[in-house]
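Next come the chains, spelled out residue by residue.
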Amino acid sequence: QVQVVQSGGGLVQAGGSLRLSCAASGRISSINDMDWYRQAPGKQRELVATITSGGSTNYADSVKGRFTISRDNAKNTVSLQMSSLKPEDTAVYYCYAHVLRSENGVQYGYWGQGTQVTVSS
């Protein structure tokens with residue numbers, strides 16, 4: 001089994017900062033990409049940021065220059081530092097891990113439980 005557990009999030013005023021964290025545990029051989037997604041009410045889930053196992057990153061245009069994704073491969077964790085937050089960043093944020101299972105070497109995708117981020121104007 002593999003578990004992906006998120007922490008962080010909450011309510012912040014526009015212009016403020018928040019940090020999200022995500023930890024994967026269980027029968028893990030390694031983790032390839034780790035992603036952050038978000039889903040606002042009435043909208044589709046969208047990819048916010050991705051980081052490869054080698055540390056290469058990609059961001060949605062809407063968050064470039066404001067959000068920073070980072071990871072610790074030894075701890076199987078990924079974080080999202082969010083700064084200069086805007087009301088349109090309000091959404092449920094999800095972590096997604098591309099995990100190679102230790103028992104068979106097959107890659108599976110696992111979602112975190114989601115965490116609410118609310119930015120007030």
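For clarity, every value in this text was computed on a predicted model and none was experimentally measured.

Reading the values: rules and limits
- Residues numbered from 1 in each chain as written.
- Predicted model: local features only at pLDDT ≥ 70, side-chain atom pairs only at ≥ 80, totals over all residues.
- Heavy atoms only, no water.
- Helix = DSSP H or I, 4+ residues; strand = E, 2+ residues; numbered from the N terminus.
- Rg over C-alpha atoms; globule rule 2.2 N^0.38 Å.
- Buried < 20%, exposed > 50% of the residue type's maximum accessible area, 1.4 Å probe, protein only.
- Areas by Shrake-Rupley, 256 points an atom, 1.4 Å probe, with all protein chains shown as cover.
- Pairing = 2+ DSSP bridges.
- Salt bridge = Lys/Arg side-chain N within 4 Å of Asp/Glu carboxyl O.
- Core = buried A, V, L, I, M, F, W, Y, C linked by side-chain atoms within 4.5 Å.
- Contact = heavy atoms within 4.5 Å.

### Overview of the overall build of the protein
Stage number 1. Counting its regular elements, the protein contains 0 helices and 11 strands.
Stage number 2. Here the protein has a C-alpha radius of gyration of 14 Å; the compact-globule value for 121 residues is 14 Å, and the two agree.
Stage number 3. Projected onto its principal axes, the C-alpha coordinates of the protein cover approximately 50 × 25 × 20 Å.
Stage number 4. Put simply, the protein has 121 residues, and 40% of those count as buried.
Stage number 5. Approximately 6200 Å² of the protein is accessible, and the part contributed by carbon and sulfur atoms is 46%.

### Section: the pairing of strand S5 (residues 46-51)
Stage number 1. With 5 bridges connecting them, strand S4 (residues 28-39) and S5 associate as antiparallel partners. Among the inter-strand pairings, Tyr-37 is bridged to a residue of S5, identified as Leu-47.
Stage number 2. Bridge count for S5 against strand S6 (residues 57-59) is 3 bridges, and the pairing is antiparallel. Across the sheet, residue Thr-50 finds its bridge partner in S6, namely Asn-58.
Stage number 3. Counting the residues between successive antiparallel strands, the hairpin from S5 to S6 contains 5 residues, one of them, Gly-55, with a positive phi of roughly 100 degrees.

### Digging into the pattern of salt bridges
Stage number 1. In the structure shown here, the tally under the stated rule is 6 salt bridges.
Stage number 2. With a shortest N-O distance of 3.2 Å, Asp-61 and Lys-64 are connected by a salt bridge.
Stage number 3. Since its relative accessible area comes to 64%, Asp-61 is described here as exposed.
Stage number 4. Of the residues examined, Lys-64 reaches a relative accessible area of 49% and is grouped as partly exposed.
Stage number 5. Across the pair Arg-66 and Asp-89 runs a salt bridge, and its minimum N-O distance is 2.7 Å. Placement of the pair is Arg-66 in the loop between S6 and strand S7 (67-72) and Asp-89 in the loop between strand S8 (77-82) and strand S9 (91-101), with a sequence separation of 23 residues.
Stage number 6. Judged by its relative accessible area of 0%, Asp-89 falls in the buried class.
Stage number 7. Within this structure, Arg-38, Glu-46, Arg-66 and Asp-89 form a network of salt bridges that share partners.

### Observations concerning the nonpolar core
Stage number 1. Of all hydrophobic cores here, the largest spans 31 residues; its most connected members are Val-4, Trp-36, Phe-67, Val-78, Leu-80, Met-82 and Tyr-93.
Stage number 2. Contributing elements (two or more residues each) for this core: strand S1 (2-8), strand S3 (18-26), S4, S5, S7, S8, S9 and strand S11 (115-120).
Stage number 3. Tallying contributions element by element places S9 first for this core, with 5 residues.
Stage number 4. Those residues in contact with Met-82, other than ones at most four positions away along the chain, are Gly-16, Ser-17, Leu-18, Leu-20, Arg-66, Phe-67, Tyr-93 and Val-117.

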